Structure formats: structure tokens, C-alpha cells
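Here is how the chains run, residue by residue.
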2 protein chains.
Amino acid sequence: MSAVIHADTTGDELAAIVAAAAASEFSLTDRASRALWLHALADAVDADRAELLAIARIETHLSEGRLDGEITRTVNQLRFFAGVAIEGSYVEATIDSADATLLPPRPSLRRMLRPLGVVAVFAASNFPFAFSVLGNDTASAFAAGCPVVVKAHPGHPELSRRVAALAERVLADSGAPAGCFGLVEGIDAGVALVQHPLVSAVGFTGSTRVGRALFDLACARPAPIPFYGELGSINPVVVTPTAASTPDGVAAVASGLAASFTRDGGQYCTKPGLVFVPVETGFESVLAAALSGVPGHRLLTDGMETAFARGSEVLLERDDVEVVFDGGSSADAASPLVVAVSLDAFVAEPEAFLEEHFGPLTVLVRYPDADPAALGAALRVLDGSLTASIHHAPDEDVPTLAAALSRIAGRVIFNGWPTGVAIAWGQQHGGPWPATTASLHSSVGASAIRRFLQPIAYQDAPASVLPAELADGNPLGIPRREDGVLVVPAATADR
Amino acid sequence: MSAVIHADTTGDELAAIVAAAAASEFSLTDRASRALWLHALADAVDADRAELLAIARIETHLSEGRLDGEITRTVNQLRFFAGVAIEGSYVEATIDSADATLLPPRPSLRRMLRPLGVVAVFAASNFPFAFSVLGNDTASAFAAGCPVVVKAHPGHPELSRRVAALAERVLADSGAPAGCFGLVEGIDAGVALVQHPLVSAVGFTGSTRVGRALFDLACARPAPIPFYGELGSINPVVVTPTAASTPDGVAAVASGLAASFTRDGGQYCTKPGLVFVPVETGFESVLAAALSGVPGHRLLTDGMETAFARGSEVLLERDDVEVVFDGGSSADAASPLVVAVSLDAFVAEPEAFLEEHFGPLTVLVRYPDADPAALGAALRVLDGSLTASIHHAPDEDVPTLAAALSRIAGRVIFNGWPTGVAIAWGQQHGGPWPATTASLHSSVGASAIRRFLQPIAYQDAPASVLPAELADGNPLGIPRREDGVLVVPAATADR
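Since we're looking at a predicted model, the values are computed, not measured.

Rules of the game
- Residues numbered from 1 in each chain as written.
- Chains lettered and ligands numbered in written order.
- Predicted model: local features only at pLDDT ≥ 70, side-chain atom pairs only at ≥ 80, totals over all residues.
- Heavy atoms only, no water.
- Helix = DSSP H or I, 4+ residues; strand = E, 2+ residues; numbered from the N terminus.
- Rg over C-alpha atoms; globule rule 2.2 N^0.38 Å.
- Buried < 20%, exposed > 50% of the residue type's maximum accessible area, 1.4 Å probe, protein only.
- Contact = heavy atoms within 4.5 Å.
- Areas by Shrake-Rupley, 256 points an atom, 1.4 Å probe, with all protein chains shown as cover.
- Buried area = accessible area lost by both parts, 1.4 Å probe.
- Salt bridge = Lys/Arg side-chain N within 4 Å of Asp/Glu carboxyl O.
- Polar contact = N/O pair within 3.5 Å; in protein donor to acceptor, adjacent residues only side chain to side chain.
- Nonpolar A, V, L, I, M, F, W, Y, C, P; charged D, E, K, R; others polar.
- Domains from an automatic or database assignment.
- Phe/Tyr/Trp six-rings, centres within 6.5 Å; stacked < 30°, edge-to-face > 60°.
- Pairing = 2+ DSSP bridges.
- Axes fitted to C-alpha atoms, helices over the stretch in contact; angles between N-to-C directions.
- Left-handed = near helix turned anticlockwise from the far one by under 90°.
- Parallel < 35°, antiparallel > 145°, perpendicular 65-115°, else oblique.
- Arc of directions from axis to C-beta.
- Least-squares fit on C-alpha atoms with pLDDT ≥ 70 in both.

### Section: the overall build of chain A
Here is step 1 of the chain: Helices and strands together make up the secondary structure of chain A, namely 15 helices and 17 strands.
Here is step 2 of the chain: Its C-alpha radius of gyration of 24 Å places chain A within 12% of the 23 Å reference for a compact globule of 495 residues.
Here is step 3 of the chain: On the principal axes, the C-alpha backbone points of chain A span a range of 75 × 60 × 45 Å.
Here is step 4 of the chain: For chain A, the proportion of its 495 residues judged to be buried stands at 64%.
Here is step 5 of the chain: If you take every contact in chain A between residues at least 6 apart in sequence, the share linking residues at least 24 apart comes to 76%.
Here is step 6 of the chain: Of the roughly 17000 Å² that chain A leaves accessible, carbon and sulfur atoms contribute 56%.

Structure, rendered in C-alpha cells:
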């Protein structure tokens, strides 16, 4: 049976796919094998690049350059998680020898993290490759040792099926356990997936509305499961008066902002949507000039076009809002829109400006540069966000601003822009609610693997039952904590 | 204002206590200071041992020896988490240097875990010290840098107030931020605590019923928060035919089981409540003999006495249950009760035997030693548990049993008993639902600190805003991951 279904998945089909995933014994595979499979998947995506790109072009309206870059990103992510699996410190192997003199006495304890179970992955609209069928959630779940069932995003169904078919073929050809990957389609299938007793965790990238609804379902199960939802984010930016005190400074920030919030139609969860700018620096006219050549962009789906038009209209109808730049959107192309509001107006009704607008729209909040306390008060009303950015002069210390924005964001950026999320051990893509449903975690970077792991401790276990990661003599040469001390084998440190 | 209230806490009082905790800026304290405060708390508990023990004796009916040991445990836990804070690897400091050749390009990224916010701790009935006001949850939250508001358990109110007063005094005397600790009492206060917007996480030890209700509240908040509930557990034990094939083997397992399930009245969440024994080994009569001298024990609360009597009655009324030993409980003393059921009867209606009974009661499941497949099928119906144990012969390999029990338990024990949870880096006290609400975590051992942390990444940050843990040159000498490689300073490794 193929696990790739070409219409809304029925309940029976879904049950069979999930059962096959649970029965695949993927959790018993070793880290080295999983790394090979991740590399094989990366190779295959790279090899089919042209064909995949062509399908994605038609379904998403994203540019060839953007999609080509995203495919490279996806390939790199798969390889990155192969490296994380191989390196092995993510299992947190911990070995405590027995000590009867302690109170309570300590037996021999050996602890590690192990795969959690079948992971449901809800693909995103705006990253048809990198946060979809073989995106970050799938790559990190596979690296962890978890079978994956993907709920395809309806914005790119043909691409989803094509990538799923590729995944099935590559996994089968390279010897991965049958059933370890499946694809389902349709709203009902998504709901059934979150509620299925054999599903152990959910990774989700999408809207706050849908994410919250699915989160509620995950919590309400007879046996609740973790729901890792990366939802919306306003991504506030603060430009300091000093940064905007020179024409060069103004030009640099304005051109950077113009590029960031309009990039690929402004369809990033890291798009800067709220920018605190000092009054009377000439920033707004420079920004408007930087936007004059930016073309409109057809958004990912008709629903997004409608939502963008409606969101723009609501802002433009407000008496306290001024238009800084309006590129003049048409029915099938969203053009840049910048509006401005005073700090007082923002503080009076912050919820009117804290809603995320998918598309090339950003809101400037004009703050009086002589009153830093007023800015501080405004920043305290911000909700959780994936990112927050500060534009400051090179020699300007910004500890107060940094502290204020650290409170609400998972990643704080200095003299840079939030769009473009690097793949790294030290990346953080997450943040306090409503940016995510699970602020302890990241959906990008090495730590994303932890979402799909659970601990086990073996007490006084005979050598014959211990996983190799916990065996005497550290035969796999991974970093371990032994009697309280982190030990990094030389081979690992040199790797 | 004292944060210690001597009656049910009112809504206004609770709001003031939580606001003071949130305003305490405890998250800005350094790890070394928090370690000193934890040691000061440990010193004070140790110094007041006799007085605290006397109060606990009256309120809990636990023995002097047990309570004395528990105070030592509590002191050791506080010191252990001081060590975890000092060692510093728990912050997972990770430093990636910029690399523009990658796709997407990598900026400078520095990531660490930081305190999550105000933690609500729901104290347990059965550990008036070690899982109560200054127990594991409080110790790990303090170590993490989180202020704590404890909901006292009504089973030991005077002790809770006394320990809270000690904590307030010690923290104030040693210079901890005012407001970083508070105590509340009453059901309404508990509900309000879970729902308070300034509370960021909940640690709970208690029943499945109450834990599930509070978990549901935590999930249903406008901004959901993590709820770490350590709930009930049946803690299955399997005795292999080989282990029970000699009189010495039978005697050792029977006496160990008798001691474990009756220890301190059987009031442990790790009590072995379901024991799979091979038929016709003589085990049951040896177990009954081992129990004949075990006195009754007054349970912690009147409610528990009632629940124990009712639970015993329900089992004894079943046609498929045989009594192996009945010590004859009275209204104010629970005596050991052992019943037995056939494997077929267990499999026919497992839910009748998977409910946790607080008190000295355990259920034997007689399995035919000639049919290991039948035992395997029975183990597959087990729910999640904190622990699972295997008693086997010293030279007997048990990979199949170990795999079956690993599936459902957070800690798998070989030739030992689950009661008595050591304090260690490699400890795991948690497990799949319904053992806990959050199977990724542990409430005992070093990793318990992670429940109260969230990540932050600094992108291209100036040195002036970076926490010392992420500074160039590693001035604090903690283990860090630098450009993908774990680096453990020699001073740490030697510590």
C-alpha cells in the first residue's frame, strides 16, 4: 500500500498510515542509519530540484530564486540533522555509578533520551519545502528516531505529493523501515491525526487560529500529547535616535526594512510588522523612496490575498493612522503598505496593531526620542514574538532596550533583520505565546530534535539490555556525563 | 507584607503574592548567588530538623525514621540543585560564529536557556518535605532562576507554614530578592494560581484526578503554560520463572516486595502495585509469610483511609480475585493486602487492575511460565508508569522483557524495587501518560531544572548586552558548545 493518497484522506486510510508508522519500529534504528537516510533524502531533493521547483512555482507564486534558495535550505537542513544525530550529544547519555553511602542510596543509573513515538507534522503554506513535507519538523523527528505522518498544506498539494513520493522511494531504497513516513490530506485528516491514540507529538507551523484549535485538541485527548505550534509573530523592531541621527544611518535602516518586510511578498513569520522609529528623523520619506520600485507580489493563496486586503483596509480606516507608503495593491498582487501611528495611539489600543498581517505591510510607531520612558512603557505591552530587533549606532550601548525585548522574544537581533533564519546549533526559532504554543522549544536549529524525545533511566541494568550509547567504555564515542562530569571524547571534539 | 497566609488565601492576597514574585527580578540573579541561597535553605532545614519533624509527625502519621530520612533527602536535594546551578551546563550555552558562505548565511548566534518566570508549585501529601514547600520543584525552579509560589497541601498545613516562614527568613537574610517566594492555601487559591497571567509554569505532584483538572486549566488559559504533573503510577513488576525457580530466589523477591509495597504504609507514587508472577512457584505463600509481622499504618489523611478501604473492597468483591494476604485493616490503620488474579482475567478487564491504590495493597497477576507470549500480550495493555521492574536470575538475559517495559516506563529497574528515588544527574522520575502530564521531563534529578527554562538567541549582539555565560573567552568557565563542538573547561571537568 502506498501511504501517499491523492485526495482527502479517509479515516480508514489515516488509521492504516498511522498504524504502519507506529509498527515500523523506526525507534529501534540506530543514529548512523538515520543519518544516512537523511543524507539520501537530501541527495534526492537536490537531484530533483528542477522538477520540484517547477511544481512549486505554479502552486505558490513564489519566485524561482526564492524557491531555489529554499530547496538548498531544505537540503542543508536534512544534512544538518544528520550531523546532529551522528554527534550524539542530543541523547544526553548520563551515567551515575552506585553509591550506597548517599541518602537515599544511589543505585547504578544510566539515562538517555529516546524517540517519543509517531510525530504528526503540519506543513506550512509559506515554506513549501523547508517547513513542509521534508522540512525542519520532519528532519528533526527522523533524526530523533520518530516515524512521521505529514498533513499536507492545501496551498501546494501537488508538490506535497511529489515530495512524499520521493521520500517513500528514497526511504524504501535505502532500507528504512516500511511505514516510517506517510502523508495525509484534508482538514478532517488533520483533526484525526492530532486525536489518534498512536500519535505522540505534533509539529505545526501556521496561523494562531488553526494552531490554537489543534493545540486545544491535543491537550483535550484522553492521553494529552505535546503540541509544538509555531504561530504568528509581529517581530517588533526598535530604531534608536542615535541610529537615525545621520542620513547614512537613516538610509541604511530604511533600505534594510524595505527589503525585509517586502521580501517574497512579506510572507514570513519573521517579517518585521511593527517598527518603533523616532519622530522627525526623515526616516519615513526615505523609506517611502526605497519602496517606490518594489513590485507587487501575488500571495500564496487567494485566502491570503483577501486577508491582506481586509487587514490593510481596517488599518487605513483608522483616524489615528497615517499612510507613509501605499504601493496600490490589486486583486492578485499585494503591494507594499506602510502606515504610521503615534506612540500614544499605539499604547491606547495596542491590540489594533499587534495582529500579524501576512503580506508586505508594516506599521511604524512614532516615538518621541526625548522620552525613553514612554518607549519603555510601550514595549511592555508587546506580546510574545519569534524575534525582536534593535537598530543602534555601532558604539551605542543598548542594555535597557535589549532587556525589554529579551522578555518577549526568542531571538534578539542587533543591527540586522529577522527574516532569514540560519540553520545552526545556536539558532532559536520560537518564543513566548502567542509566537508559539511551547516556548521551551525551537523549531529550527539543533535543539529542535528535543521536541521528539523522552527520557528513560536504567537502574542496575545488565549490560545486555543497555543501548550502546550507555554501554561501559563508551563504544560509540559520544559526549556523556559520567558521575556528574561531562566527558567529550577527543574524536568528537575533533569532528 | 508577609507572603505566608494562615488561612485560605484570598484572591487579593494571591494577586499580591504573585505580583511580588513577578516583580522580584529573581531571574536577573546569578547562578552563584542562587546556589548560596539553596545552601542556606538546606542549612536552615537541617538546623530546624527536630522542630520540623515534630510538626510533621503530628500532621502526617509518618514515622520518625521516615521523616528524618526525608528531611535529609530534602537537604540533599537543595544542595544538589545548587551544584547543578553552579556547574552551569544546564544553560546550554551555544556559540556559533558568523559564516556568510552558508545558505542561508549564518550571523553570529549565541543561545542559552534562561528562567521561564514565576513557577507555581503544588505540594504533595506524601512527601511533606521532599515534594512540598522546599522540595524538588521549588529547588529546581530556584536553581533555574524562577520565583516560586507554593500551593500548600492541606494534609500538612502547619508544617507548610513553618517551612515557608523559614524560607522567607533565610532568603531575606541571605539577600535574595524580596518576593521571590510565597505560599498560598486553599482550593480556590490553587485554581487562581494556575490561571494567573503572571504564572509561567506549574509543578504538581498528586492524584490523576486533580492533576488532570489543573492541567486542563493550564492548557485552556488565553496564554497556555506548561503543566508538569507527576500523577499516579501502577509500577508493574515482572518476576521471571528463572528468578523464582529456587527457594532462595523466591524468598528474596517475596521479602523485597513485602518491604517495598508496605513501606511507610504504601504511600509512594513508586509503590509496586501490579506484580506478574509465574504460577506454581510457591511465591504467594512465602510472600504471605513475609507480611505476617507487618503492622498496620495510619494513612496520611482520612480521605486516603476511605479511598483505601473502598479500593480494597472493590477488588475483594470480584469473583476473579483471590486473597493472598489480608492483614485486616481497621478504620485508622491500613494493613497489607495482597490479591491475585489470573493472566486471563487481567487481560479480560485490565482497567480493573490498573488503578493506583494509595496504601499497602498490591495485585499479583499469575502468568503461565510456559507461555511467554501470553505475558507479552498482557504487558502491552499496561498504561504509562513512573517505573517498571524486572526480577531475573543474575545470569539471565531479559531483552524482550526490558523492551516491553521500557515502552511504558520512565525508569526500568533490574533486580531492585522502585521505591526510594535517588537524587542524581541520571535520575528519571516521570513517564508516559497517565504517570505524568509531560513525559519529556523529570521531576527528580538534574534535568528537572529544564522544566523551568526557555531559550533565547542573541544575533550579532554587542558584548555589552550578552550574559556572562555567552561572553567571549568563557569567563565563567562553564561547558559550552562553540561552533558545534562541546567544550568542557578543565576546571569544570576536574570539579
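### Quick look at the interface of chain B and chain A
Here is step 1 of the chain: If you look at the interface, chain B gives 80 residues, while chain A gives 80 residues.
Here is step 2 of the chain: Buried area between chain B and chain A, both sides added, is near 6000 Å², and the carbon and sulfur share of it is 58%.
Here is step 3 of the chain: Looking only at chain B, the three residues that lose the most surface to chain A are Phe414(B), Leu440(B) and Gln459(B), adding up to 11% of its buried area.
Here is step 4 of the chain: When the shortest N-O distance is used, the salt bridge between Arg450(B) and Glu92(A) registers 2.9 Å.
Here is step 5 of the chain: At the boundary of chain B with chain A, the tally comes to 43 residue pairs in polar contact (both at pLDDT 80 or more).
Here is step 6 of the chain: Looking at the side of chain B that touches chain A, the elements with two or more residues in it are helix H4 (64–87), strand E1 (94–96), strand E2 (109–115), helix H8 (208–220), helix H14 (399–406), strand E14 (409–414), strand E15 (453–459) and strand E17 (485–487) of chain B.
Here is step 7 of the chain: Broken down by element, the residue count for the side of chain B that touches chain A peaks at seven residues, all from E15(B).
Here is step 8 of the chain: Here the side of chain B that touches chain A is built from residues that sort into 43 nonpolar, 19 polar and 18 charged.

### Section: the side chain of Thr72(A)
Here is step 1 of the chain: Turning to its location among the elements, Thr72(A) is positioned in helix H4 (residues 64–87).
Here is step 2 of the chain: There is a polar contact of 3.0 Å between the side chain of Thr72(A) and the side chain of Arg49(A).
Here is step 3 of the chain: Among all residues touching Thr72(A), those that are not within four sequence positions of it are Arg49(A) and Leu103(B).

### Observations regarding the domain arrangement of chain A
All names here are of chain A.
Here is step 1 of the chain: Domain parsing of chain A yields domain 1 (11–231 + 438–453) and domain 2 (236–414).
Here is step 2 of the chain: One C-alpha centre belongs to domain 1, the other to domain 2; they are set 33 Å apart.
Here is step 3 of the chain: The partner domain 2 presents 12 residues to the 12 residues of domain 1 that form the contact.
Here is step 4 of the chain: Roughly 990 Å² of surface becomes buried between domain 1 and domain 2 when both sides are summed, with 60% attributable to carbon and sulfur atoms.
Here is step 5 of the chain: Where domain 1 meets domain 2, there are one salt bridge.

### Description of the packing of aromatic side chains
Residue and element names in this part refer to chain A.
Here is step 1 of the chain: In this structure the tally under the stated criterion is 24 aromatic pairs over all chains.
Here is step 2 of the chain: Between Tyr228 and Phe452 the ring centres are 5.8 Å apart and the planes differ by 90°, which places this aromatic pair in the edge-to-face class. Placement of Tyr228 in strand E7 (residues 227–230) and of Phe452 in the loop between strand E14 (409–414) and strand E15 (453–459) is noted, with a sequence separation of 224 residues between them. Neither Tyr228 nor Phe452 differs from the other in exposure class; each is buried.
Here is step 3 of the chain: Clustering of aromatic rings is evident, with ring pairs tying together Phe122, Phe204, Phe215 and Phe227.

### Re the sheet that holds E1(B)
Here is step 1 of the chain: Spatially, E10(A)-E11(A)-E12(A)-E9(A)-E8(A)-E13(A)-E14(A)-E15(B)-E2(B)-E1(B)-E16(B)-E17(B) is the arrangement adopted by the 12 strands of the open sheet, whose pairing is mixed. If you trace the sheet from one side to the other, it starts and ends with strand E10 (321–326) of chain A together with E17 of chain B, each paired once. Going from strand to strand, the sheet's axes swing by 20° on average, the running direction of each strand aside.
Here is step 2 of the chain: Pairing geometry for E14(A) and E15(B), over three bridges, is parallel.

### Some details on the packing of helix H7 (residues 187–195) of chain A against helix H8 (residues 208–220) of chain A
All names here are of chain A.
Here is step 1 of the chain: Following both chains from N to C, one finds H7 and H8 inclined at 35°, their axes separated by 8 Å at the closest point. For the pair H7 and H8, the crossing hand works out as right-handed. Together, Val191, Val194 and Gln195 of H7 and Leu214, Leu217 and Ala218 of H8 make up the contact between the two elements.
Here is step 2 of the chain: Partitioned by chemical class, the residues of the contact of H7 with H8 number five nonpolar, one polar and no charged.

### Quick word on the packing of helix H2 (residues 31–47) of chain A against helix H6 (residues 157–173) of chain A
Residues and elements named next belong to chain A.
Here is step 1 of the chain: Contact pair H2 / H6: the axes reach a minimum separation of 9 Å and the direction vectors enclose 135°. Considered as vectors, H2 and H6 are oriented oblique to each other. Crossing geometry of H2 relative to H6 is assigned as right-handed. Every residue of H6 that contacts H2 at Trp37, Ala40, Leu41, Ala44 and Val45 is listed here: Leu166, Ala167, Val170 and Leu171.
Here is step 2 of the chain: When its residues are assigned to classes, the contact of H2 with H6 shows nine nonpolar, no polar and no charged.

### Details of helix H13 (residues 372–379) of chain B
Residue pairs three or four apart in sequence face the same way in an α-helix, which turns once every 3.6 residues.
All names here are of chain B.
Here is step 1 of the chain: Within the span of H13, buried status applies to Leu375, Ala378 and Leu379. Relative to the axis of H13, the buried residues are bounded by an arc of 100° and lie together on one face.
Here is step 2 of the chain: At its buried positions, H13 is contacted by strand E8 (236–239), strand E9 (274–278), helix H12 (343–348), strand E12 (361–367) and H14.

### Here we look at the pattern of salt bridges
Here is step 1 of the chain: Going through the model one piece at a time under the given rule, you end up with 48 salt bridges over all chains.
Here is step 2 of the chain: Here Arg366(B) ties to Glu322(B) by a salt bridge, and the two come within 3.1 Å at their closest N and O atoms. Highlighted residues: Arg366(B) in strand E12 and Glu322(B) in strand E10 (residues 321–326), separated in sequence by 44 residues.
Here is step 3 of the chain: Shared partners join several salt bridges into a network, and the residues in it are Asp48(A), Glu51(A), Arg162(A) and Arg169(A).

### Concerning the environment of Asp344(B)
Here is step 1 of the chain: Structurally, Asp344(B) is set in helix H12.
Here is step 2 of the chain: Considering only alpha carbons, one finds Asp344(B) and Leu315(B), 29 residues apart in sequence, at a separation of 16 Å.

### As for the relation of the copies chain B and chain A
Here is step 1 of the chain: When chain B is brought onto chain A, the operation consists of a screw motion whose angular component is 180° and whose axial shift is 0.0 Å, with 0.0 Å RMSD remaining. Given the turn and translation reported, the copies of this chain are related as if by a two-fold rotation axis. When C-alpha positions in chain B are compared against the rotation axis, the closest is assigned to Cys219(B), at 3.3 Å.
Here is step 2 of the chain: When the interface residues of chain B are mapped onto chain A, 100% of them again lie at the interface, so the same face is used by both copies.

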